[in-house]
Amino acid sequence: IGRRWSHCYTRYTAAGNGHSWVRGRLLVWLLTGDSLVMDSCYMFGDHTAFAAVPNYKTILGKAPRETGWMLRALSALCAVTADPEYKKAAQTLADLAVRECAYDKGAWPRIIRRLDTVFGNKTPGNNNFQVAVMIKGLCDFYRMYPDPKLKKAIVSAARWLAKGFNPGWPEWILTAV
């Protein structure tokens, strides 16, 4: 097959995700028309849509950026390819984010190990940049498929994020909810 590789979906043993970047490759394809670049985008999209997303059952207890990165990537693939399978997978992640958003707290709380190690009180919280990645993923999807439930989650999480800003600090810290 030349420089390409393939793997049967029924043979996957695991599909996790974290940093999921495809936007740059899509831009290269849009600018150059290089079919190998687009093939890699499709392989990535198929891996995410058919192997990672079906195994992704919860955001809670995890870093919300995992969901946010996948949602950003799938939204970009939707925008360029209009593939209904990518939209379906992105919608699954968006629905999960909406369902698990702690609206009274504004984000997706989890036990932060470093805080728990110091204080030992299992205080829920989150990391600002990780919540920001989730917000960006939701915004990317919302721009194409507006939904009041998505907007509510975005606004709630953004308000939580804004509360953590302290102009006297050089950076935002890990934040307890």
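Here, the structure is the one placed above.
Now for a quick tour of the structure.

So, how was this worked out
- Residues numbered from 1 in each chain as written.
- Predicted model: local features only at pLDDT ≥ 70, side-chain atom pairs only at ≥ 80, totals over all residues.
- Heavy atoms only, no water.
- Phe/Tyr/Trp six-rings, centres within 6.5 Å; stacked < 30°, edge-to-face > 60°.
- Helix = DSSP H or I, 4+ residues; strand = E, 2+ residues; numbered from the N terminus.
- Buried < 20%, exposed > 50% of the residue type's maximum accessible area, 1.4 Å probe, protein only.
- Lys NZ or Arg CZ within 6 Å of the ring centre and 35° of its normal.
- Core = buried A, V, L, I, M, F, W, Y, C linked by side-chain atoms within 4.5 Å.
- Contact = heavy atoms within 4.5 Å.
- Axes fitted to C-alpha atoms, helices over the stretch in contact; angles between N-to-C directions.
- Parallel < 35°, antiparallel > 145°, perpendicular 65-115°, else oblique.
- Left-handed = near helix turned anticlockwise from the far one by under 90°.
- Nonpolar A, V, L, I, M, F, W, Y, C, P; charged D, E, K, R; others polar.
- Salt bridge = Lys/Arg side-chain N within 4 Å of Asp/Glu carboxyl O.

Another point: the packing of aromatic side chains. Enumeration according to the criterion identifies 2 aromatic pairs in this entry. With 5.5 Å between their ring centres and 90° between their planes, tryptophan 21 and tryptophan 69 make a pair best called edge-to-face. A residue pair is termed long-range when its members are at least 10 positions apart, and tryptophan 21 in the segment before α1 (23–32) and tryptophan 69 in helix α3 (residues 64–81) qualify at 48 residues. Judged by centre distance (5.0 Å) and plane angle (45°), the ring pair of phenylalanine 141 and tyrosine 145 falls under tilted. Look at phenylalanine 141 and you get buried, because its relative accessible area is 0%. You can call tyrosine 145 partly exposed: its relative accessible area is 26%. Note that lysine 87 overlies the ring of tyrosine 145, its terminal NZ or CZ placed 4.5 Å from the centroid.

In this section: unusual backbone geometry. Trans peptide bonds make up most of the peptide bonds, and negative phi angles are found at most residues other than glycine. One non-glycine residue, alanine 82, adopts positive backbone phi at about 55°. Given the relative accessible area of 60%, alanine 82 is considered exposed.

It is worth spelling out the nonpolar core at this point. One finds Val22, Leu74, Leu77, Trp108 and Leu138 to be the most contacted residues of the largest nonpolar core, which totals 39 residues. Looking at this core, the elements with two or more residues in it are α2 (35–52), α3, α4 (84–100), α6 (128–144) and α7 (148–163). For this core, the element with the highest residue contribution is α4, accounting for 8 residues. Leave out the neighbours within four places in its chain, and leucine 138 touches Leu71, Ala94, Ala97, Trp108, Leu150, Ala153 and Ile154.

Turning our attention to the packing of α3 against α6. Direction vectors running N to C along α3 and α6 enclose 25°, while the axes themselves pass 7 Å from each other. Classified by the angle their axes make, α3 and α6 are roughly parallel. The handedness of the crossing between α3 and α6 is left-handed. Contacts between α3 and α6 involve Pro64, Arg65, Thr67, Gly68, Trp69, Leu71, Arg72, Ser75, Cys78 and Ala79 from the former and Phe129, Gln130, Val131, Val133, Met134, Lys136, Gly137, Leu138, Asp140, Phe141 and Met144 from the latter. When grouped by side-chain class, the residues that make up the contact of α3 with α6 number 12 nonpolar, 5 polar and 4 charged.

Quick look at the pattern of salt bridges now. Oppositely charged side chains can pair when the atoms bearing their charge come close. Scanning the entire structure with this criterion turns up 4 salt bridges. Linking aspartate 140 and arginine 23 is a salt bridge whose minimum nitrogen-to-oxygen distance equals 3.5 Å. You can see aspartate 140 sitting in helix α6 and its partner arginine 23 sitting in helix α1, a full 117 residues away along the chain. On the accessibility criterion, aspartate 140 (6% relative accessible area) is buried. Given a relative accessible area of 41%, arginine 23 falls into the partly exposed group. Aspartate 140 is the partner of lysine 136 in a salt bridge, and the nearest nitrogen-oxygen pair spans 3.2 Å. Of this pair, lysine 136 and aspartate 140 both sit in helix α6, 4 residues apart, which is roughly one turn of that helix. For lysine 136, a relative accessible area of 33% puts it in the partly exposed group. Among the ionic contacts, a cluster of salt bridges with common partners joins Arg23, Arg72, Lys136, Asp140 and Arg143.

That's the geometry; what it means functionally is another story.
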